[in-house]
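As a plain string of letters, each chain reads:
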Amino acid sequence: MQSVAEAIARLGELAASPTVSKLAAAFERAGFELALVGGPVRDAFLGRAVNDLDFTTNATPDQILDTVKPIAEAHWDIGRAFGTIGAKIAGETVEITTYRADAYDGDSRKPEVVFGSSLEDDLGRRDFTVNSLALRLPKLELVDPSGGVEDLLAKTLRTPSAPERSFGDDPLRMLRAARFSAQLGFEVEAGTRAAMSTLAPEIDRISAERVRDELSKLLLTAAPTGGIRLLVESGLAERVLPEVPALRLEVDEHHHHKDVYEHSLTVLEQAIDYEVSRGNLDSPDLVVRLAALLHDIGKPGTRRLEKGGVVSFHHHDVVGSKLARKRLRALRFDNDTIAAVSRLIELHLRFFGYADAAWTDSAVRRYVRDAGDQLERLHILTRADVTTRNRRKADRLGFAYDDLEERIAVLAEEEELAAVRPELDGAAIMRLLDIPPGPLVGEAYRHMLEVRLDEGPIGPDAAEQRLRAWWAARDA
């Protein structure tokens, strides 16, 4: 956390940059107000990198366009209906928005856009005090009408107006509270937390797409579990991701099993650690994190209390995969994400048992084939799923997975394992069996793929013999 003087000095350096100084001078010449607002000002106090440059002004969208056109390399008005104009100035992308005073009407999923008349009023309608900071340009005057600097110092998240009013205006702010608490490491103020619980049903007014985007931003923070706990404790998760609070299974006095909810959060934390330590992913991976959080959501529906205090969750991988697919569809995730997450959940138990009896080469080939392009993510999820406190057991599983990855690497080098396919393609099958295109070709192809997985590369002559033997046996 920077001191006020340090933050102002840092903001002064930013204001002197070619982009900001050019923009500020243009608005001053045109007779309009301009202020740097929100995240960039907050992050200057937190000592974080300032990336997105957001500005607000009393100019209308048309006036903003007229002001930036002479100084911009490019400009766009895709957000014009909401008062926002984008531009590229001195090589940087900026967004300038007219002062706003809009609110939800209590039923609609979209706000009625109303332009405001003052910077202070605009700041008062924002989500949290720490985001309600502005720097007037070009005179470098800090504007903080709701005590955002004090809340930054106290690491506290609260709304600039009464939380009931703020969340009533835009219920998505309740999800944003969870995201910002995780992203910034701040505590949500008690009254704000209470309002989140009271108003949790209001989140139903928000579109699935907006909920999806906010949940994704939360999961992509460096440490999302605190935000997830807040969603569960407030009752919001019950409305937007009910499979997660359902993981809090009651413990029968005669049957004991690990806490599935806490285990899932630990798996998520460990998956994030593996993302970093393995270094094979370019950036935080939403697919990995969704799969880690949801990998055991099939357990509540499959739990059985057996004799002797044993608890079973047979086929929870398959059930969980189907539940994840259904939930992610409801949240309007894209098809690729849905397919990848559900596949990882379906496969997340496949490895366990390898430590007791090493697999054949055929089994290793099938593991790679079934994982497909999700193999690296499956490595991360499977390793992260080991949360036992028994160090000997954890080490045994870790060493076993090391061995599996080494065997995959060796087979991959020897056999081009990532692209396992039969040694006879469809054209060769039709030529050798003298059959036309159709279902029989697919049937023969699948048989030859099984041969390839079982035996590895056997050469074209042996492959032809296997095909003809299968064909003869089929006609017998």
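Below: a short report on this structure. (Residues numbered from 1 in each chain as written. Predicted model: local features only at pLDDT ≥ 70, side-chain atom pairs only at ≥ 80, totals over all residues. Heavy atoms only, no water.)

## Quick look at the environment of aspartate 170
Thinking step 1. Within the fold, aspartate 170 resides in the loop between helix H7 (163–169) and helix H8 (172–184).
Thinking step 2. Residue class for aspartate 170 comes out buried when judged on its relative accessible area of 12%.
Thinking step 3. In this structure, the C-alpha to C-alpha distance between aspartate 170 and glycine 31, residues 139 residues apart in sequence, is 32 Å. (Helix = DSSP H or I, 4+ residues; strand = E, 2+ residues; numbered from the N terminus. Buried < 20%, exposed > 50% of the residue type's maximum accessible area, 1.4 Å probe, protein only.)

## Section: the nonpolar core
Thinking step 1. Of all hydrophobic cores here, the largest spans 116 residues; its most connected members are Leu23 and Phe55.
Thinking step 2. Setting aside anything within four residues of it in sequence, one finds phenylalanine 55 in contact with Val20, Leu23, Leu34, Ala35, Leu36, Val37, Val94, Glu95, Ile96, Thr97 and Leu137.
Thinking step 3. Listed in part, the 13 residues of the second largest apolar core include Leu424, Val441, Met448 and Trp470. (Core = buried A, V, L, I, M, F, W, Y, C linked by side-chain atoms within 4.5 Å. Contact = heavy atoms within 4.5 Å.)

## Things to note about unusual backbone geometry
Thinking step 1. Along the chain, leucine 137 connects to proline 138 via a cis peptide bond; the corresponding omega equals 5°.
Thinking step 2. Inspection of the secondary structure puts proline 138 in the loop between strand E6 (134–137) and strand E7 (141–143).
Thinking step 3. The backbone phi angle of alanine 90 is positive, close to 50°, even though this residue is not glycine.
Thinking step 4. Topologically, alanine 90 is positioned in the loop between strand E4 (84–89) and strand E5 (92–98).
Thinking step 5. On the basis of relative accessibility, which here comes to 37%, the residue alanine 90 falls in the partly exposed class.
Thinking step 6. In the Ramachandran plot, histidine 315 falls in the positive-phi region, its phi being about 65° despite a non-glycine side chain.

## Examining the sheet that holds strand E2 (residues 53–57)
Thinking step 1. If you walk across this open sheet you meet the seven strands as E3-E4-E5-E2-E1-E6-E7, and the pairing is mixed. Looking at the sheet topology across the chains shown, the edges are occupied by strand E3 (74–76) and E7. Each neighbouring strand pair of the sheet contributes to a mean axis angle of 30°, computed without reference to strand direction.
Thinking step 2. The pairing of strand E1 (residues 34–37) with E2 spans three bridges and is antiparallel. When the bridges of E2 are listed, leucine 34 appears paired with threonine 57. (Pairing = 2+ DSSP bridges. Axes fitted to C-alpha atoms, helices over the stretch in contact; angles between N-to-C directions.)

## Details of the environment of alanine 182
Thinking step 1. Structurally, the position occupied by alanine 182 is in helix H8.
Thinking step 2. In this structure, the C-alpha to C-alpha distance between alanine 182 and arginine 229, residues 47 residues apart in sequence, is 9.9 Å.
Thinking step 3. Setting aside its immediate chain neighbours within four residues, alanine 182 contacts Leu218, Thr221, Ala223, Pro224 and Gly227.

## Observations regarding the pattern of salt bridges
Thinking step 1. Taken as a whole and judged by the stated rule, the model has 35 salt bridges.
Thinking step 2. For arginine 80, the salt bridge goes to aspartate 62, with nearest N and O atoms at 1.8 Å. On the criterion of sequence distance, the pair formed by arginine 80 in the loop between E3 and E4 and aspartate 62 in helix H4 (residues 61–68) is long-range, its members being 18 residues apart.
Thinking step 3. Judged by relative accessible area, which is 30%, arginine 80 ranks as partly exposed.
Thinking step 4. A salt bridge links glutamate 243 to arginine 327; the shortest N-O distance between them is 3.1 Å. Residue glutamate 243 is located in the loop between helix H12 (236–240) and helix H13 (260–278), and its partner arginine 327 is located in helix H16 (residues 316–330); the two are separated by 84 residues in the primary sequence.
Thinking step 5. A relative accessible area of 13% means that glutamate 243 is categorised as buried.
Thinking step 6. In this structure, a network of salt bridges that share partners links the residues Glu33, Glu120, Arg136, Lys139 and Glu141. (Salt bridge = Lys/Arg side-chain N within 4 Å of Asp/Glu carboxyl O.)

## Regarding the packing of aromatic side chains
Thinking step 1. Summed over all chains, the structure comprises five aromatic pairs.
Thinking step 2. Measuring from ring centre to ring centre gives 6.1 Å for tryptophan 470 and tryptophan 471, while their planes differ by 45°; the resulting arrangement is tilted.
Thinking step 3. For tryptophan 470, a relative accessible area of 15% corresponds to the buried category.
Thinking step 4. Aromatic rings pair up to connect Phe351, Phe352 and Tyr401 into one cluster.
Thinking step 5. Geometry around phenylalanine 180 places arginine 179 over its ring, the cationic atom sitting 4.4 Å from the centre.
Thinking step 6. Over the ring of phenylalanine 313 we find lysine 299; its NZ or CZ atom is 4.8 Å from the centre of that ring. (Phe/Tyr/Trp six-rings, centres within 6.5 Å; stacked < 30°, edge-to-face > 60°. Lys NZ or Arg CZ within 6 Å of the ring centre and 35° of its normal.)

## A look at the pairing of E2
Residues in a regular strand point their side chains to alternate faces of the sheet.
Thinking step 1. Of all five residues that make up E2, four are buried, and the element is covered over most of its length.
Thinking step 2. Bridge count for E2 against E5 is five bridges, and the pairing is parallel. Looking at E5, one finds that threonine 56 is bridged to threonine 97.

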